[in-house]
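# Fold and contact review
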Amino acid sequence: MADPYHNNVYHQGDGDSYGTYGQGGPDGYGYQTDYPTQEEDAASDATEGHDEDDQMYEGEYQGIPHPDEAKTARRAARAKARTTADTVSDQEELAEQYEDIMEDCGHGRFQWTLFVVLGLALMADSVECFVVALVLPSAEKDMCLSHSEKGMLGLIVFLGMMFGAFFWGGLADKVGRRKCLVIVLAMNCISAFFSSFAQGYGFFLFFRLFSGFGIGGSVPIVYSYFSEFLQMDKRGEHLSWLCMFWMMGGIYASFTAWGIIPRYGWGFSMGSEFQFHSWRVFVLVCALPAIAAFVGLMFMPESPRFLLENAKHDEAWMILKQVHDTNWRAKGEPERVFTVTHIKTPKTQEDEFIEIQSATGTAFQRWGVRTLTLTKLVIKNIVSLLGRDLRLATLLMAIIWFTMAFSYYGLSVWFPDMIKHLQHEEYESKLKVFHREKVEQFHFNFSLENQVHREGEYINDKFINIEMKSVKFEDSLFVDCLFENIRSTETLFENCTIRSTVFNDTDLYEEKFIDCTLENVTFIHNKKGCHLDYEDENDVLIYLVSFLGSLAVLPGNIISALFMDKIGRIKIIGGSMLISAGCTFFLFLSFSQAAIIAWQCLFCGVSVAAWNGIQVITVELYPASKRATAFGALNAVCKLAAILGSSIFASFVGITKVIPILLSFGALVGGGVLALKLPETREKILL
């Protein structure tokens, strides 16, 4: 039977070989290094910048082994493990080869550049989660949204993200990480542009769904992509640092919303049919992280691990050489040579099938074959997540993702809604009630706010150039009155009798007259649309809560990054979820707005460590051929939990605190206990 592996050998221009990969190195593993001797290469990462005369590694004074010695020890341990193992699979052999290559490439300028680019893509995902909540107070007035329409707009983004994560995660394992990430960022940018100009609710809803479907694929791709450029001892820490960009996205969204939305003068209008208020400018500005990431990706290569899995040897070798040379040139050691000459990688039957079938027939037939084959491969990959080897890990991770997202996103909605509820209760406590008042020939030239007028009589009165906010007239009589240039918010006439009255240039249309009797009533030049009051609708507290909630995760991010590789992923996840569960009981003490904000910051700061650990271990549990697929499927479960959590928790606002607190506590405890059953992966090579 023919060997399904192909060995590609590369030579320098002068005919000298770079070395051999597979011909018995000193550790028994096929990897030969031709680095300069220690005398020629005295400078290390720790001693970079020292004088040339200083030849001793400074860690030797403290008994710290040289980085090259530690690397050699790790390779020797892996070689010993291979010799004691009964069999070594092709996948494990490739994983160990790749780990050795990444260790030789080092961690430097290339990874930090990619870190920033992918971080901006992660920021774009974070901003997408915040943008609707921040513009909703203005958008609901601008587009006259009902309560149900507001709820749908808040959930539609997560719905799009759920399908996007599932779709793009599966596709990234077959098409490529970089290619799919470029597409999802482009979709986000395009939909953000069109949604900012959409005047109708339907179009705005569609473009936000389209945007969510696009950017939803960024998270599974970003983590899979970045992890494949990291060596084992750097992976946990640097994936955790990458999570910082999600926090930065929340800070960016809340800060720019605070600076842009209340600025009414930043918008423009073209007649009464086209209005471009400042909240639409904010929607455009929210696309900047995605645009920056899109531009940055133009200069980044595809993941070499993905290329090797898909038998693209030449491209993978060139990219690995680029990573190696970029890092060592930046460290002042351009003489270091990339010594890999060949990498043993499989050529799958699926690749052969696509190559044979796509080379025949018309262009449309070739496209059809590729699409059908690709669809089958993606579905096969998804089904394989429940295979014998991965079933238990997938089920455990799905439950952990669900419980964490259910509690986190549920409480993320509950916190601001509870603040609004407390504000509403305080506002209602100041309600003024006027009973059986009789007013004749009076000119109302002052605004009416937070009032109820019952069984009143208004004869020959004028209401001119005023604003009515939260005003209700019940069982009242209006005769020969004039309403002119009126702007109203939450103003109703219920069971009233209105005779010989003129409504000129007002926004009091028929829907605001409930069970009323209208006799000889005239409506002239009624205002279309809804009144948008930037001072009232854009309370600074809306932005402050979002800003503080995002900023509060900074300590948790730092701690989890520093200790992810020291104490392990499992302890980070389990400990963070159990401590977060304990924090939920403080919510019984949320009697004021300040207390709710404080508990929100505490909960977010503690729970972020669990999020970081979950994302790191998801990358490490699955092989490269299924990594993005698994991450996408689990992230889709996360978004489903977010939809359910935010809907359920919001329904109890103003009714009871007990059920949301017990739900979040139970979910976090259950997820935290299950997390302790997961295998530790901090010393595991990425398969």
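See above for the structure.
Cut-offs applied
- Residues numbered from 1 in each chain as written.
- Predicted model: local features only at pLDDT ≥ 70, side-chain atom pairs only at ≥ 80, totals over all residues.
- Heavy atoms only, no water.
- Helix = DSSP H or I, 4+ residues; strand = E, 2+ residues; numbered from the N terminus.
- Polar contact = N/O pair within 3.5 Å; in protein donor to acceptor, adjacent residues only side chain to side chain.
- Contact = heavy atoms within 4.5 Å.
- Phe/Tyr/Trp six-rings, centres within 6.5 Å; stacked < 30°, edge-to-face > 60°.
- Buried < 20%, exposed > 50% of the residue type's maximum accessible area, 1.4 Å probe, protein only.
- Pairing = 2+ DSSP bridges.
- Axes fitted to C-alpha atoms, helices over the stretch in contact; angles between N-to-C directions.

## Considerations on the side chain of glutamate 228
Topologically, glutamate 228 is positioned in the loop between helix H7 (218-227) and helix H8 (232-242). At 2.7 Å, the side chain of glutamate 228 forms a polar contact with the side chain of arginine 177. Of the polar contacts made by the side chain of glutamate 228, one reaches the side chain of serine 303; its length is 2.4 Å. Contact partners of glutamate 228, with chain neighbours within four places excluded, come to Tyr98, Met102, Arg177, Ser303, Arg305, Phe306, Ala624 and Arg627.

## Some remarks on the packing of aromatic side chains
Per the counting criterion, the structure on display carries 48 aromatic pairs. Residues phenylalanine 115 and phenylalanine 226 carry aromatic rings whose centres are separated by 6.0 Å and whose planes lie at 50° to one another, so their mutual orientation is tilted. One end of the pair, phenylalanine 115, is in helix H3 (residues 109-142); the other, phenylalanine 226, is in helix H7, with 111 residues separating them in the sequence. The burial state of phenylalanine 115 is the same as that of phenylalanine 226; both residues are buried. Their ring planes at 90° and their centres at 5.8 Å tell us that tyrosine 458 and phenylalanine 473 sit as a pair that is edge-to-face. Of this pair, tyrosine 458 sits in strand S9 (residues 457-459) while phenylalanine 473 sits in strand S10 (residues 462-474), and the two are 15 residues apart along the sequence. With respect to class, tyrosine 458 is no different from phenylalanine 473; both count as buried.

## Examining the sheet that holds strand S11 (residues 477-479)
Spatial ordering of the open sheet is given by S6-S9-S11-S14-S17, a layout of 5 strands whose pairing is parallel. Looking along the sheet, the strands with just one partner apiece sit at the ends: strand S6 (438-440) and strand S17 (517-519). Ignoring which end each strand starts from, the neighbouring axes of this sheet average 5° apart. Judged from the 3 bridges that link them, S11 and strand S14 (residues 497-499) form a sheet pairing that is parallel. Residue pairing for S14: phenylalanine 478 is matched across the bridge by isoleucine 498.

## Examining the side chain of histidine 238
Following the sequence through the fold, histidine 238 ends up in helix H8. Look past the residues within four positions of histidine 238 in its chain and what remains in contact with it is His107, Trp112, Phe115, Phe226 and Leu230.

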